Amino acid sequence: GEAAAAAEAAARSVAAALARPDNQKVTPEPVQRVGEDCWVACGKQSGLCAFCGVGNACCRKDELNPTKACQNIKTFSTWHHECVRPVHLP
C-alpha cells in the first residue's frame, strides 16, 4: 500500500544520502521529532541517526563520553536522548 511505498522511498533516499562521495557535504535536514526520546529508535546508541532527520543526531545532555556528533550541543530541552543538530559533523 501507500505506507509501504513511502517507507521504501524513505529507505532509498537514506541509502542515496549515505552513498554520496565524501566531498559532497550532506546538508542536514531540519531536526525531526524534536523533544521525543530517540534512544530506542536509534538502536540504543548516541550519534547520527536518520530518525532525527538526515544529518542530525540522537544525543543526551550530560553524556560522559559523547560521540563527535553529540559534543558541544547547547540545545537540549529534556533529560533523555533527543534529536539535535550536531555542532560537529563527523
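A. Quick look at the environment of Cys70. Residue position: Cys70 is located in the loop between strand E2 (57-59) and strand E3 (82-84). Residue Cys70 is classed as buried on the basis of its relative accessible area of 5%. Taking the C-alpha atoms as reference points, Cys70 and Ala57, separated by 13 residues in sequence, lie 6.9 Å from one another. Once residues within four sequence positions are removed from consideration, Cys70 is found in contact with Ser46, Gly47, Ala57, Cys58, Cys59 and Glu63.

B. Structural detail: the nonpolar core. Ala57, Cys59, Ala69, Cys70, Ile73, Phe76 and Val84 form the largest nonpolar core, which has seven residues in total. Once residues within four sequence positions are removed from consideration, Cys59 is found in contact with Cys38, Ala69, Cys70, Phe76, His80, His81, Glu82 and Val84. If you look at the next biggest cluster of nonpolar residues, it comprises six residues, including Cys49, Cys52, Cys58 and Cys83.

C. Summary view of the sheet that holds strand E1 (residues 47-48). In space, the three strands of this open sheet follow the order E1-E2-E3, with antiparallel pairing throughout. For this open sheet the edge positions go to E1 and E3, each flanked by a neighbour on one side alone. Judged from the three bridges that link them, E2 and E3 form a sheet pairing that is antiparallel. Along E3, the bridge assignment pairs Cys58 with Cys83.

Conventions we followed
- Residues numbered from 1 in each chain as written.
- Predicted model: local features only at pLDDT ≥ 70, side-chain atom pairs only at ≥ 80, totals over all residues.
- Heavy atoms only, no water.
- Helix = DSSP H or I, 4+ residues; strand = E, 2+ residues; numbered from the N terminus.
- Buried < 20%, exposed > 50% of the residue type's maximum accessible area, 1.4 Å probe, protein only.
- Contact = heavy atoms within 4.5 Å.
- Core = buried A, V, L, I, M, F, W, Y, C linked by side-chain atoms within 4.5 Å.
- Pairing = 2+ DSSP bridges.

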